[in-house]
Amino acid sequence: MEELDGEPVVTSIPGVNSKKKQMCFDWGPGEMLVCETSFSKQGKSETVPGCPFIFIIRKDIDVYSQILRKLFNESHGIFVGLQRMEEDLTGKSRKAQLVRVSKNYRSVIRACMEEMHQVAIAAKDPASGHQFSSQISILSAMELIWNLCEILFIEVAPAGPLLLHLLDWVRLHVCEVDSLLADVLGSESPSRHESFWKLVTILVLQGRLDEARQMLSKEADANPTSAGMCRTLGDLMRTMPILSVCGSGPSAASWEVGSFRKHAGSVCRRPLTASAPQPGNTQTLTELELKWQHWHEECERHLQDGTFAPSPHLESLCKIMLGDEAALLEQKELLSNWYHFLVTRLLYSHPTVKPIDLHFYAQSSLDLFLGGESSPEPLDNILMAAFEFDIHQVIKECSIALSNWWFVAHLTDLLDHCKLLQSHNLYFGSNMREFLLLEYASGLFAHHSLWQLGVDYFDHCPELGRVSLEMHIERIPLSTEQKALKVLRICEQRQMTEQVRSICKILAMKAVRNNRLGSALSWSIRAKDAAFATLVSDRFLRDYCERGCFSDLDLIDNLGPAMMLSDRLTFLGKYREFHRLYGDKRFVDAASLLLSLMTSQIAPRSFWMTLLTDALPLLEQKQVIFSADQTYELLRCLEDLTSGRPAHGEPDPLQLQDDDIETTKVEMLRLSLARNLARAIVKEGSLEGS
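So, how was this worked out
- Residues numbered from 1 in each chain as written.
- Predicted model: local features only at pLDDT ≥ 70, side-chain atom pairs only at ≥ 80, totals over all residues.
- Heavy atoms only, no water.
- Helix = DSSP H or I, 4+ residues; strand = E, 2+ residues; numbered from the N terminus.
- Buried < 20%, exposed > 50% of the residue type's maximum accessible area, 1.4 Å probe, protein only.
- Contact = heavy atoms within 4.5 Å.
- Phe/Tyr/Trp six-rings, centres within 6.5 Å; stacked < 30°, edge-to-face > 60°.
- Axes fitted to C-alpha atoms, helices over the stretch in contact; angles between N-to-C directions.
- Parallel < 35°, antiparallel > 145°, perpendicular 65-115°, else oblique.
- Left-handed = near helix turned anticlockwise from the far one by under 90°.
- Nonpolar A, V, L, I, M, F, W, Y, C, P; charged D, E, K, R; others polar.
- Salt bridge = Lys/Arg side-chain N within 4 Å of Asp/Glu carboxyl O.
- Expected span 1.5 Å × (residues − 1).
- Polar contact = N/O pair within 3.5 Å; in protein donor to acceptor, adjacent residues only side chain to side chain.
- Disulfide = S-S within 2.5 Å.
- Lys, Arg positive; Asp, Glu negative; His and termini not counted.

Novice: So, the overall build of the chain: which residues are in play, and what are the values?
Specialist: Helix and strand counts for the chain come out as 30 helices and three strands. Relative to its full complement of 690 residues, the chain shows a buried share of 49%. Partitioning the intrachain contacts of the chain with sequence separation of at least 6 by distance along the chain shows that 66% fall at a separation of at least 24.

In structure tokens, the structure reads:
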């Protein structure tokens, strides 16, 4: 059976008393609307709710943080680059690329952490400062977990180098020693500084033995009575057989609040390029273990001989170097957390620890460090799952503890590229990677601009990505035409025909409401919506009847094949062409086109009188424009219009007889047509006679 999660945390809504009143809510793609009803739980109803507000509850508020937006933007580029990584890369080259991608993700986290730290310092409002500090602690925990996963799952460090990676990991996230070191060295007499032995102890606990020796040399110079002991302990530090560590590694803040343990610290500024060195070609782990055993025996001999007995500080340091658990636990305050205790314990007791044995030492270190005084926190559970190499538990615990899907989505995607999640499919139709990417992308779509990043995440979800994108993209508020064009371009690039049509219809409707007929017609053509194109064409014709001229001539003049979308649009384009021919004094062509518009029934019946009126100037030309047959056709159209006979099923014949103006217009048309008919018959008869 699947393990059940704990009960979700209850979110209190200010001003709402859910114990007395019934609530109503409505889910949206990225948020939920909640309000109080007028019904109480006792069955009595009130006219007015006690809390007359509608609350918007967002499931992912982190997308609205200005600083975290940089995290989302920067990591998006890394994610897309990872998807394009050459699949044929194998072995060391592929592993090196994946490690580089992992470090890039961590660099982005640290950059955001640094910026947020600066903002927290500058914050004048204590509440804002506390909020930023809380966010820093979350980012620090994310980087801590990611770094450990990088060591264990991506680099897959073997015994030997594994400990060096873990030492760098601890130094990266327990960095208070750096400020302390600067403080002590900046004093007039470092060895007399009140924190001198605290500093030396921390350096030894972190395996920074070269720096610890330098500090002991200062004590030897200042205190001749302890010079011999300092030199002896310094020699033990120098001769400790461990793979040499390049520098002291990067370090970072370790502030944990809320669901994570809080450590005192500050954001350290070191690059992430340092890496643990590899063992020499000639030194095997067996040789290292033998040398370490001899060194360990020498340390123990000095301790038993009482070499350091006159100095409790030096004796304590020697015990730490022997891996004495009691001595280590005495420094609990300086270790600050159990995973620091774990790495120090491994350094001085099991330097060649194998990855498979890590979980055993991790669990015992956690138990020893907590000592039954407190229970493990979410961060402890996540790190323990990582030491147990339980990737799915790491992802599950992070999903519960962290405030958004960014971390689990990107980490899971990276681990999937490492071929570590191939066998884990979810029971509801998608694998873990795709499920988490879909959740993260859905959260991005709740933001007014980050939705554009979400598109690429949906694109790289082969099973449900397209369906999810179609669902979310339809809900984007098209507040500006520029935004609408972005959405439209995305849909067209992905052949999302229905979404393109829907967006174009929405924009066409907005344009009609704003009386922007040219834009409305353009969108309706783009949507290939014949009905709406007909509606807009009618508006154009109505405006022409009222104003006597067309608006948006450039659009109408360049309709091209698009005019075939609907009969009304075809008529609009052809009618505009008639005006162009007339303006160019191509009267014969204009007359033929005008007549064809009427006889082909493409012109709306309500517009026939306008067309016949347009024919009047052609009928009154000195030369005969309309032939006798054409004139007969015009007369027939006029009679059809005035007699009230419907043409081709049009239900409402024009009732013109009662309108004096229309009656006068009809009489003028009849007179003109009769005159033109006579002239045409005479002209045609003369031509036949000749």
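Here the narrative resumes, following the displayed structure.
Novice: Which residues make up the packing of aromatic side chains, and what values do they have?
Specialist: Here the structure, examined in full by the defined rule, presents 18 aromatic pairs. Residues F79 and Y457 carry aromatic rings whose centres are separated by 4.3 Å and whose planes lie at 25 degrees to one another, so their mutual orientation is stacked. Highlighted residues: F79 in helix 1 (residues 66–83) and Y457 in helix 19 (residues 451–459), separated in sequence by 378 residues. Owing to a relative accessible area of 0%, F79 belongs among the buried residues under this scheme. Measuring from ring centre to ring centre gives 6.1 Å for W169 and F387, while their planes differ by 80 degrees; the resulting arrangement is edge-to-face. Of this pair, W169 sits in helix 4 (residues 161–173) while F387 sits in helix 15 (residues 378–387); the two residues are 218 residues apart in sequence, bridging distant segments of the chain. Its relative accessible area of 0% is what places W169 among the buried residues. Aromatic ring contacts, followed pair by pair, group F72, F79, Y440 and Y457 into a single cluster.

Novice: How would you sum up the packing of helix 27 (residues 587–599) against helix 28 (residues 608–619)? Please name residues and give values.
Specialist: Look at helix 27 against helix 28: their axes get within 11 Å of each other, and the N-to-C directions meet at 160 degrees. Overall, the two elements helix 27 and helix 28 adopt an arrangement that is roughly antiparallel. Handedness of the crossing formed by helix 27 with helix 28: left-handed. Facing helix 27, whose interface residues are F587, A591, L594 and M598, helix 28 presents W608, L611, L612, D614, A615 and L618. Class assignment for the residues of the contact of helix 27 with helix 28 results in nine nonpolar, no polar and one charged.

Novice: Could you give an account of the pattern of salt bridges, with specific residues and numbers?
Specialist: On inspection of all chains with the given rule, the structure shows 17 salt bridges. Of the charged contacts, one joins E325 and R345 as a salt bridge, the two residues approaching to 3.1 Å between their closest N and O atoms. In this pair, E325 sits in helix 11 (residues 325–330) while R345 sits in helix 13 (residues 338–349), placing the two residues 20 residues apart along the sequence. Where D413 meets R433, a salt bridge forms, and the shortest distance between an N and an O atom there is 2.7 Å. Pair noted here: D413 is in helix 17 (residues 406–417) and R433 is in helix 18 (residues 432–444), with a separation of 20 residues, a long-range link. Classification of D413 as buried rests on a relative accessible area of 0%. Since its relative accessible area comes to 9%, R433 is described here as buried. Beyond isolated ion pairs, a larger network of salt bridges with shared partners links K103, R106, E143 and E150.

Novice: Lay out unusual backbone geometry with the relevant residues and their values.
Specialist: Look at F389: it is not a glycine, yet its phi comes out positive at around 60 degrees. Tracing the backbone through its elements, the reader meets F389 in the loop between helix 15 and helix 16 (391–401). For F389, a relative accessible area of 34% gives the class partly exposed. Residue Q495 is not a glycine yet carries a positive backbone phi of 50 degrees. Relative to the elements of secondary structure, Q495 occurs in the loop between helix 21 (481–493) and helix 22 (497–513). Judged by its relative accessible area of 59%, Q495 falls in the exposed class.

Novice: So what about the packing of helix 17 against helix 18? Which residues, and what values?
Specialist: Helix 18 packs onto helix 17 with a crossing angle of 150 degrees between their chain directions and a minimal axis gap of 9 Å. In terms of orientation, helix 17 and helix 18 fall into the roughly antiparallel class. Relative to helix 18, helix 17 is oriented so that their crossing is left-handed. When helix 17 is examined against helix 18, the residues W406, V408, A409, H410, T412, D413 and D416 are found in contact with a partner set consisting of M432, R433, L436, L437 and Y440. Partitioning the contact of helix 17 with helix 18 into residue classes produces seven nonpolar, two polar and three charged.

Novice: Please set out helix 18 residue by residue, giving values where relevant.
Specialist: With 13 residues, helix 18 ought to run about 18 Å at 1.5 Å a step, and its terminal C-alpha atoms sit 19 Å apart, in line with that. Among the 13 residues of helix 18, eleven are classified as buried, and the element is accordingly described as predominantly covered. All buried positions along helix 18 are accounted for by M432, R433, E434, L436, L437, L438, Y440, A441, S442, G443 and L444. Check the buried side of helix 18 and you find it contacts helix 1, helix 16, helix 17, helix 19 and helix 20 (465–473).

Novice: Give me the environment of S102: which residues, what numbers.
Specialist: Relative to the helices and strands, S102 resides in helix 2 (residues 91–122). Each C-alpha atom, one on S102 and one on N147, is 8.3 Å from the other, the two residues being 45 residues apart in sequence. S102 has contacts with W146, E150, I154 and L414, leaving out every residue within four places of it along the chain. Looking at S102, its side chain comes within polar contact range of the side chain of W146, at 2.8 Å.

Novice: Which residues make up the state of the cysteines, and what values go with them?
Specialist: Going through the model one piece at a time under the given rule, you end up with zero disulfides. Here C504 stays unpaired: no disulfide links it, and the sulfur of C491, its closest cysteine neighbor, is 9.1 Å away.

Novice: Provide a residue-level description of the side chain of S75, including the pertinent values.
Specialist: Along the polypeptide, S75 turns up in helix 1. A distance of 2.7 Å separates a polar atom in the side chain of S75 from a polar atom in the side chain of W406. Among all residues touching S75, those that are not within four sequence positions of it are Y105, V108, W406, H410 and Y457.

Novice: I'd like a description of helix 26 (residues 567–583), backed by residues and values.
Specialist: Taking 1.5 Å as the rise per residue, helix 26 with 17 residues should run 24 Å; its terminal C-alpha atoms sit 24 Å apart, in good agreement. Taken residue by residue, helix 26 has L569, T570, F571, L572, G573, Y575, R576, F578 and L581 as its buried positions. Of the residues flanking the end of helix 26, it is K585, one or two places downstream, whose phi is positive at about 65 degrees.

Novice: Break down the side chain of E434 for me, with residues and values.
Specialist: Summarising the element assignment, E434 is placed in helix 18. The buried charged residue E434 lacks any salt bridge, with R433 as its nearest oppositely charged partner at 5.1 Å. Apart from the residues within four sequence positions on either side, E434 is in contact with C461, P462, E463, L464 and G465.

Novice: Run through the environment of F389, naming residues and quoting values.
Specialist: Taking C-alpha positions, F389 is 7.6 Å from L152, a pair spaced 237 residues apart along the chain. Residues in contact with F389, not counting those within four places in the same chain, are L152, F153 and P355.

Novice: Describe the environment of S316, with residues and values.
Specialist: Inspection of the secondary structure puts S316 in helix 10 (residues 312–321). Here the alpha-carbon distance between S316 and E330, two residues 14 residues apart in the chain, equals 9.4 Å.

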